[in-house]
Amino acid sequence: MADQTHVLFVEDDDVIREATQLALERDGFAVTAMPDGLSGLEAFRANRPDIALLDVMVPGLDGVSLCRRIRDESTVPVIMLSARADSIDVVLGLEAGADDYVTKPFDGAVLVARIRAVLRRFGHASGSGQAESGTDAVTGGVLTFGDLEIDTEGMEVLRAGQPVALTPTEMRLLLEFSSAPGTVLSRDKLLERVWDYGWGGDTRVVDVHVQRLRQKIGQDRIETVRGFGYKLKA
């Protein structure tokens with residue numbers, strides 16, 4: 001039991017909550033399932049799960065607000081569940097600090113695959129190894145871009161000498177850019193390398209994370225190349 005990956009699952013629909021919990025447990029996960037945001041926050045603080053799976057529309061404390069509260073306390077990976085792919089809730093969830101999202105209704109196998117992809121990026125055992133990524137090309141040492149310093153071994157970032165707090169997904173995104181400064185990286189390539197998508201995904205995930213990264217390392221550090229993608233200014 002001790003080596004199981006622990007999932008916090010917050011979902012107010014009893015049928016979905018119970019069916020998803022059973023499906024995840026069959027795949028070897030330990031699951032704490034809660035019906036509302038407040039009990040979800042209490043469970044998070046009590047159990048410190050390896051990953052949080054949050055439905056956007058839950059009572060008491062909605063999923064986006066819960067994500068913000070979790071992100072204030074931890075860099076644990078968060079996946080949001082949204083009933084509509086075009087919903088503003090998707091963007092709000094990502095802006096609140098979520099690492100990915102899954103649209104409802106979802107196939108159980110797809111959900112498990114997305115959870116494991118996130119866990120691979122975060123180095124958890126259920127990921128069955130590290131994801132292949134262009135960040136492997138980043139060698140040890142400190143990379144400097146203006147007032148930005150990136151310690152690729154210590155996984156630390158300084159801006160003007162001050163520490164910058166990045167989530168693991170933001171750190172992987174920055175490492176991708178720093179491994180090829182001045183080179184334009186397409187959204188699809190970033191989805192493949194950072195989010196471990198072996199198929200086309202929603203590029204809003206990339207855009208929101210780039211926006212969040214810019215807020216932390218400087219708005220002008222990452223340049224948008226219209227029609228192609230993004231690049232780190234060398």
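Before any of the text, the structure's been laid out above.
In this text the structure is predicted, and so the values were computed from the model without any measurement.

Peer 1: How should I be thinking about the pattern of salt bridges in this particular structure?
Peer 2: Side chains carrying opposite charge are able to pair once their charged atoms draw close together. Inspection of every chain in the model, using the stated rule, returns 14 salt bridges. One salt bridge in this structure joins D147 and R221, with 3.8 Å as the shortest N-O distance. Placement of D147 in the loop between β6 (142–145) and β7 (148–151) and of R221 in the loop between α8 (204–217) and β10 (222–225) is noted, with a sequence separation of 74 residues between them. By relative accessible area, D147 is classed as partly exposed at 36%. Classification of R221 by relative accessible area gives buried; the value is 15%. R193 is the salt-bridge partner of E176, the closest N and O atoms lying 3.4 Å from each other. Of the two residues, E176 sits in helix α6 (residues 168–179) while R193 sits in helix α7 (residues 187–194), which places them 17 residues apart along the sequence.

Peer 1: What am I meant to see in the sheet that holds strand β5 (residues 100–103) here?
Peer 2: Two modes of strand pairing occur in sheets, parallel and antiparallel, and in both the strands are linked by backbone hydrogen bonds. If you walk across this open sheet you meet the 5 strands as β2-β1-β3-β4-β5, and the pairing is parallel. The open sheet is flanked by β2 (30–34) and β5, the only strands paired with a single partner. In this sheet, adjacent strand axes meet at a mean angle of 20° when their direction is disregarded. Bridging between strand β3 (residues 51–55) and strand β4 (residues 78–82) involves 4 bridges; their strand directions are parallel. Bridge pairing in β4 places L53 opposite I79. The strands touched by helix α2 (residues 37–47) are β1 (6–10) and β2; relative to β1, the strand with the most contacts, the crossing angle is about 165°.

Peer 1: Honestly, the sheet that holds β6 in this entry has me stumped. Any pointers?
Peer 2: Strand order in this open sheet of 4 strands is β6-β7-β8-β9, and the pairing throughout is antiparallel. For this open sheet the edge positions go to β6 and β9 (162–163), each flanked by a neighbour on one side alone. Of the strand pairs in this sheet, β6 and β7 are connected by 4 bridges, and their pairing is antiparallel. Paired with F145 across the strands is L148, a residue of β7.

Peer 1: What is the right way to read helix α5 (residues 108–122) from this model?
Peer 2: Every α-helical turn comprises 3.6 residues, leaving residues that sit three or four positions apart pointing alike. Given a rise of 1.5 Å per residue, 15 residues ought to cover 21 Å, and the 21 Å separating the end C-alpha atoms of α5 matches this to within 8%. Those residues of α5 not exposed but buried are L111, V112, R114, I115, A117, V118, L119, R121 and F122. The elements touched by buried residues of α5 are α1 (14–26), β3, β4, β5, α6 and α7. Where α5 begins, the capping side chain belongs to D107, and its oxygen is found 2.8 Å from the backbone nitrogen of A109. Of the residues flanking the end of α5, it is G123, one or two places downstream, whose phi is positive at about 80°.

Peer 1: Can you walk me through the nonpolar core in this structure?
Peer 2: Soluble globular proteins tend to pack their nonpolar side chains together in the buried interior. L54, M80 and F177 are the most contacted members of the largest nonpolar core, which totals 49 residues. With sequence-adjacent residues up to four places away left out, F177 is seen in contact with L185, L190, V210, L213, I222, Y230, K231 and L232. Among the nonpolar cores identified, the runner-up in size contains 16 residues, and V102, V112, I115 and V118 belong to it.

Peer 1: Teacher, can you tell me more about the packing of helix α4 (residues 88–95) against α8 here?
Peer 2: It is the contact of α4 with α8, at a shortest axis distance of 9 Å, that shows an interaxial angle of 40°. Note that α4 runs across α8; the crossing there is right-handed. Along its contact with α4, which presents V90, V91, L94 and E95, the element α8 presents R204, V205, V208, H209, Q211 and R212. Looking at the contact of α4 with α8 residue by residue, the classes come out as 5 nonpolar, 2 polar and 3 charged.

Peer 1: What is the right way to look at the pairing of β1 in this model?
Peer 2: Sheet faces and side chains relate simply in a regular strand, where the side chains alternate between the two faces. Most of β1 is tucked away, with 5 of its 5 residues classed as buried. With 5 bridges connecting them, β1 and β2 associate as parallel partners. Bridge pairing in β2 links H6 to A30. Crossover handedness for the path β1 to α1 to β2: right-handed. Pairing analysis gives 4 bridges linking β1 to β3, with the strands arranged parallel. From the neighbouring strand, L8 faces β3, where its bridge partner is A52.

Conventions we followed
- Residues numbered from 1 in each chain as written.
- Predicted model: local features only at pLDDT ≥ 70, side-chain atom pairs only at ≥ 80, totals over all residues.
- Heavy atoms only, no water.
- Salt bridge = Lys/Arg side-chain N within 4 Å of Asp/Glu carboxyl O.
- Helix = DSSP H or I, 4+ residues; strand = E, 2+ residues; numbered from the N terminus.
- Buried < 20%, exposed > 50% of the residue type's maximum accessible area, 1.4 Å probe, protein only.
- Pairing = 2+ DSSP bridges.
- Axes fitted to C-alpha atoms, helices over the stretch in contact; angles between N-to-C directions.
- Contact = heavy atoms within 4.5 Å.
- Expected span 1.5 Å × (residues − 1).
- Polar contact = N/O pair within 3.5 Å; in protein donor to acceptor, adjacent residues only side chain to side chain.
- Core = buried A, V, L, I, M, F, W, Y, C linked by side-chain atoms within 4.5 Å.
- Left-handed = near helix turned anticlockwise from the far one by under 90°.
- Nonpolar A, V, L, I, M, F, W, Y, C, P; charged D, E, K, R; others polar.
- Right-handed = clockwise from strand over helix to strand, strands pointing away.

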